[in-house]
Amino acid sequence: MLLLVSACLLVSDAYSQSVETTKRIDSVITALHGRGQFNGAIVVAVAGKPIYRSSFGETLTNQKITPTTQSDIASLSKGFTAMIVMMLAEQGKLTYDDPISKYLPELIKFSNGITIRHLLTHTSGIPDVGDLGIDDPVLTNAKALKTLAKLKSNFREPGKKYQYSNTGYLLLATIVERVTEKSFGDVLSEKILDPLGMKNTFLSGRTAGMGGIQSTVDDLFTRKNSSGNQRLRRHSSRFR
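What counts and how
- Residues numbered from 1 in each chain as written.
- Predicted model: local features only at pLDDT ≥ 70, side-chain atom pairs only at ≥ 80, totals over all residues.
- Heavy atoms only, no water.
- Helix = DSSP H or I, 4+ residues; strand = E, 2+ residues; numbered from the N terminus.
- Buried < 20%, exposed > 50% of the residue type's maximum accessible area, 1.4 Å probe, protein only.
- Contact = heavy atoms within 4.5 Å.
- pLDDT = per-residue confidence, 0-100.
- Salt bridge = Lys/Arg side-chain N within 4 Å of Asp/Glu carboxyl O.

Q: Run through the overall build of the chain, naming residues and quoting values.
A: Regarding its fold elements, the chain presents 8 helices and 5 strands. Scanning the chain from its N terminus toward the C terminus, one meets helices and strands in the order α-β-β-β-α-α-α-α-α-β-β-α-α. Here the chain holds 240 residues, and the buried ones make up 41% of them. For the chain, the proportion of contacts with a sequence separation of at least 24, taken over those separated by at least 6, is 65%.

Q: Can you break down the side chain of Thr115 residue by residue, with the values?
A: The residue Thr115 is located in the loop between helix H2 (77–90) and helix H3 (116–120) in this model. With relative accessibility at 12%, the residue Thr115 sits in the buried group. Setting aside residues no more than four positions away along its own chain, Thr115 makes contact with Tyr96, Asp97, Asp98, Pro99 and Ile100.

Q: Summarise the confidence of the model for the chain; cite the residues concerned and give the values.
A: Here the chain averages 84 in pLDDT, and 85% of its residues register 70 or above. Highest mean pLDDT in the chain belongs to H3 (97); lowest belongs to helix H8 (residues 227–236) (50). Low pLDDT, under 50, characterises residues 1–12; the predicted model gives this stretch 0 contacts beyond four residues in sequence or across chains.

Q: Go over the pattern of salt bridges, please, and point to the residues and values.
A: This model, assessed by the stated rule, comprises 5 salt bridges. One salt bridge in this structure joins Arg53 and Asp218, with 2.7 Å as the shortest N-O distance. Taken together, the residues Arg53 in strand S2 (residues 49–56) and Asp218 in helix H7 (residues 217–224) connect sequence positions 165 residues apart. Residue Asp218 is classed as partly exposed on the basis of its relative accessible area, which comes to 22%. Arg117 serves as the salt-bridge partner of Asp97, at 2.8 Å between the closest nitrogen and oxygen. In this pair, Asp97 is assigned in the loop between H2 and H3 and Arg117 in helix H3, connecting sequence segments 20 residues apart.

Next up, the structure:
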């Protein structure tokens, strides 16, 4: 009987802590929204279980934001790109230490020593798209690759320094397309979105790999708790 009472107290205490944590989260997010510092949807989970799910504000078209509102996840898209590359590596269709010139021969004049691993870890030495002067609203992977092939710049030696590069993830998406002979959007749906039931997530941007994915917090929570995410953690150390 004593053990039963103790167990109930522990459960009750854990519940109280959870309620208190939820209240504190709501208080912080509400205050941020009131100061104009947060506008969007949020899901907070502990041990894989949501303890807080809410939304604040309106979209640019004056629609109320909800946890199912789709929005551009920007550079969070890179995690999807990396996961697809790891899946292809797992299937033996490429390796992390493959030179990128194996898949992008048009870049051979400045890609000496640059590997897929370098692109994944932002250590390729290839500058960001803005620094290369190729960042524009209608940029496509094909256009970016064509522009890169014409450059005569001496980039930083690969593997020496971290340098955040959207260009690198753009190139990874192009490599994915050449290895699979499919569009990046089709590969994204086939390997991640459809298997996980992410029905409100899709690629909308012209420039694949570095961004352009639309999603919801509910869909991203599904991905976070998927077996695919466990694969991501398991293999991520291999390309560091």
